[in-house]
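Examining the three-dimensional arrangement
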Amino acid sequence: MNWLVQAVIVMVGLAAAVPPATAQEVAKGDAANGRKVYLADGCYQCHGRVGQGGLMTGPAPILAQTKMPFAAFHRQLRNPINDMPPYSENLLSEKEVADIYAFLQSLPGRRPVKDIPILNNN
């Protein structure tokens with residue numbers, strides 16, 4: 001067997017031995033601490049106390065049960081777009097970012113319209 005074929009076989013074998021990483025992998029966060037940090041750092045002023053979104057300087061997105069992957073959430077906190085201020089590592093540690101994300105994921109999120117009685121009266 002030539003050396004190139006052998007090298008490919010070895011690399012394929014190594015790749016198969018390493019479990020694939022998922023896009024959603026994130027350090028396990030503490031939702032209770034995330035709630036404290038979220039409220040203490042003023043995230044609620046734009047995004048609401050339970051991540052329901054709001055209108056401080058413009059529409060702030062709903063964060064409860066966000067579908068945003070952790071990597072995108074992290075990037076938005078560190079290098080935000082629009083009116084959001086940046087939260088450097090001096091302001092929010094990596095653990096606190098993971099904790100806030102865990103808190104947001106623990107929230108109930110939007111209820112389906114059919115579950116809101118006033119919207120179903122005919």
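In what follows, the structure referred to is the one given above.
None of the values given here were measured: they were computed from a predicted structure. (Residues numbered from 1 in each chain as written. Predicted model: local features only at pLDDT ≥ 70, side-chain atom pairs only at ≥ 80, totals over all residues. Heavy atoms only, no water.)

Let's talk about the pattern of salt bridges
It is possible for side chains bearing opposite charge to pair when their charged atoms get close. Counting across every chain of the model gives two salt bridges. For Arg78, the salt bridge is made with Glu94, and the minimal N-O distance between the two is 2.8 Å. Note that Arg78 is positioned in helix α4 (residues 70-78) and Glu94 in helix α5 (residues 94-106), a separation of 16 residues in sequence. Take Arg78: its relative accessible area is 13%, and that puts it in the buried class. (Salt bridge = Lys/Arg side-chain N within 4 Å of Asp/Glu carboxyl O. Helix = DSSP H or I, 4+ residues; strand = E, 2+ residues; numbered from the N terminus. Buried < 20%, exposed > 50% of the residue type's maximum accessible area, 1.4 Å probe, protein only.)

Quick look at the packing of aromatic side chains
Under the counting rule described, the total for this entry stands at three aromatic pairs. A ring pair is formed by Tyr38 and Phe103, whose centres lie 5.3 Å apart and whose planes are at 55°; its orientation type is tilted. Linking Tyr38 in helix α2 (residues 31-40) with Phe103 in helix α5, this pair joins segments that are 65 residues apart in sequence. This pair shows no difference in class: Tyr38 is buried, exactly as Phe103 is. Each residue in the set Phe70, Phe73 and Tyr101 is aromatic and connected to the rest through ring pairs, giving one cluster. In this arrangement the basic side chain of Arg49 is found over the ring face of Tyr44, its NZ or CZ atom lying 4.3 Å from the centre. (Phe/Tyr/Trp six-rings, centres within 6.5 Å; stacked < 30°, edge-to-face > 60°. Lys NZ or Arg CZ within 6 Å of the ring centre and 35° of its normal.)

Description of the packing of α4 against α5
The description of two packed helices rests on the angle between their axes and on the distance between the axes. Direction vectors running N to C along α4 and α5 enclose 120°, while the axes themselves pass 11 Å from each other. It follows that α4 is oblique to α5 by the angle criterion. Judged by the sense of rotation from one axis to the other, the crossing of α4 with α5 is right-handed. Contacts between α4 and α5 involve Phe70, Phe73, His74, Leu77 and Arg78 from the former and Glu94, Val97, Ala98, Ile100, Tyr101 and Leu104 from the latter. (Axes fitted to C-alpha atoms, helices over the stretch in contact; angles between N-to-C directions. Parallel < 35°, antiparallel > 145°, perpendicular 65-115°, else oblique. Left-handed = near helix turned anticlockwise from the far one by under 90°. Contact = heavy atoms within 4.5 Å.)

Topic: α2
Since there are 3.6 residues in each turn of an α-helix, residues three or four apart along the chain are aligned in direction. The set of residues buried in α2 consists of Gly34, Val37 and Tyr38. The buried residues of α2 occupy one face: seen down the axis, they fall within an arc of 100°. Relative to its buried face, α2 has exposed residues pointing more than 90 degrees away, namely Ala32, Lys36 and Ala40. Two to three positions downstream of the cap, the backbone nitrogen of Ala32 sits 3.1 Å from a side-chain oxygen, assigning the N-cap of α2 to Asp30. Positive backbone phi, at 85°, marks Gly42, one or two positions downstream of α2. (Arc of directions from axis to C-beta. Polar contact = N/O pair within 3.5 Å; in protein donor to acceptor, adjacent residues only side chain to side chain.)

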